[in-house]
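# Observations on the model geometry
Take a look at the letters that make up each chain.
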Amino acid sequence: MPKKRVLSGMRPTGRLHLGHYFGALKNWISIQEEYDCFYMVADWHALTTDYADTDGLKNNSLEMVVDWLTVGIDPDKSVIFRQSDVPEHSELFLLLSMITPLGWLFRCPTYKEQLKEIQSKDLNNFGFLGYPVLQAADILLYKAQAVPVGEDQLAHLELTREIARRFNNFYGNVMVEPQALLTKSARVPGLDKRKMSKSYGNSILIAETEDEIVKKVKTMFTDPLRIKATDAGHPEGCVVFAFHEIFNNNSEKRKHECMQGCIGCAACKRELTAMICEFTKPMMQRRQDILSDKTAVENVLKNGCIKAREAAVQTMKEIRKAIKL
Ligand code: TRP
């Protein structure tokens with residue numbers, strides 16, 4: 001039995017943080033043996049919101065690939081490529097746009113939410129509305145059977161499935177309907193308890209210096225009801241505890257120590273700092289090594305492009321034939 005095909009992507013926002021790692025990358029790494037994985041730098045998707053300022057785009061894409069390699073996405077096992085290197089994505093995007101009803105796009109929860117949330121940019125552009133159609137093209141172009149996504153992306157995957165069905169109804173059975181690969185992942189809060197995000201300035205990078213980690217953990221939001229170290233704590237809702245649940249094998253014990261007022265927040269933070277450093281230190285080293293040979297990183301994308309196009313060109317042939325173009 002051939003391995004099942006997986007495709008997933010990330011918009012290039014530059015260096016990645018612990019939210020990316022525990023929310024997605026850890027899963028991406030663990031499925032590399034079992035699946036035929038395609039991991040894509042979604043730089044066209046970045047343009048849907050950041051079209052006005054593209055200076056950092058190329059470098060952000062490279063930085064993201066460096067971090068993927070750092071954490072263990074392996075170019076010998078998985079195809080690592082950049083969306084804009086494979087023009088077939090844009091052709092399929094165009095063809096799918098013909099059969100996607102506008103109502104599906106206007107109703108998409110991520111569209112409505114982001115239009116409301118992001119006030120700093122004008123998002124009344126066609127590309128932003130069509131974001132999920134481009135994502136559908138990414139997935140259908142590779143006939144991916146599974147897509148590892150977080151819950152925030154489920155609506156896009158559902159739309160992809162609907163577009164695939166509609167295509168197959170019109171033109172015959174070419175598209176493969178992808179399934180969500182909902183692997184267990186941890187929700188990593190930012191230093192201030194909101195979602196960890198570069199734009200909130202509340203993140204800890206995957207490759208972060210020890211000094212930065214010490215500083216950042218000190219600013220972490222803790223239990224506001226706790227004044228003295230001997231007061232009973234409330235680990236639920238405490239950012240430091242949320243991190244202990246990720247990094248500390250004895251987090252249950254810590255929970256009780258906190259609730260009984262046996263350990264103060266400062267000591268609890270010091271331990272956490274050490275645990276995060278233990279995780280990031282080897283990452284720092286590997287990142288340095290990878291960065292020392294930038295051509296090698298560019299070659300990863302070059303080779304990835306060749307492999308991705310091989311699959312994409314084949315699917316596009318079938319699609320053009322089905323549409324009788
Ligand atoms: N929309 C995804 C995100 O914001 C990125 C993405 C683009 C993607 N194309 C994809 C994810 C295809 C999965 C499959 O995270």
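Note: the structure precedes this text.
Read on for an overview of the structure.

## Brief notes about the pairing of strand β1 (residues 5-10)
In terms of residue burial, β1 counts as a mostly covered element, since five of its six residues are buried. As paired strands, β1 and strand β2 (residues 36-41) are joined by six bridges and run parallel to one another. Within β2, the position partnered with Arg-5 by the bridge is Asp-36. With helix α1 (residues 18-30) bridging β1 and the parallel β2, this β-α-β connection has right-handed handedness.

## Regarding the nonpolar core
Ranked by size, the top nonpolar core spans 50 residues in total, and within it Leu-25, Trp-68 and Phe-243 carry the most contacts. A total of eight residues in this core trace back to one element, the largest contributor, which is helix α13 (residues 265-291). Two domains each put at least three residues into this core: domain 1 (5-187 + 294-323) and domain 2 (207-288). Aside from chain neighbours lying at most four places away, what touches Trp-68 is Met-10, Leu-16, Leu-25, Trp-28, Tyr-39, Met-40, Val-41, Ile-73 and Ile-80. Grouped together as the second largest cluster of nonpolar side chains are 42 residues, Ala-42, Leu-96, Leu-105 and Val-149 included.

## A look at empty space enclosed by the protein
Overall, the coordinates contain one cavity of 30 Å³ or more when judged by the stated rule. In this structure, the largest cavity encloses a volume near 110 Å³. As for the largest cavity, its lining consists of 14 residues, and the residues nearest its centre are Arg-226, Cys-238, Cys-258, Cys-265 and Cys-268. Secondary structure elements with two or more residues in the lining of the largest cavity: α11 (239-247), α12 (251-259) and α13. In terms of residue class, the lining of the largest cavity is built from eight nonpolar, three polar and three charged.

Conventions and cut-offs
Residues numbered from 1 in each chain as written. Predicted model: local features only at pLDDT ≥ 70, side-chain atom pairs only at ≥ 80, totals over all residues. Heavy atoms only, no water. Buried < 20%, exposed > 50% of the residue type's maximum accessible area, 1.4 Å probe, protein only. Helix = DSSP H or I, 4+ residues; strand = E, 2+ residues; numbered from the N terminus. Pairing = 2+ DSSP bridges. Right-handed = clockwise from strand over helix to strand, strands pointing away. Core = buried A, V, L, I, M, F, W, Y, C linked by side-chain atoms within 4.5 Å. Domains from an automatic or database assignment. Contact = heavy atoms within 4.5 Å. 1 Å grid on protein atoms, 1.4 Å probe; cavity = no way out; pocket = protein on both sides within 12 Å on 5 of 7 lines; lining within 4 Å. Points joined across faces, edges and corners; volume = space filled by probe spheres on them. Nonpolar A, V, L, I, M, F, W, Y, C, P; charged D, E, K, R; others polar.

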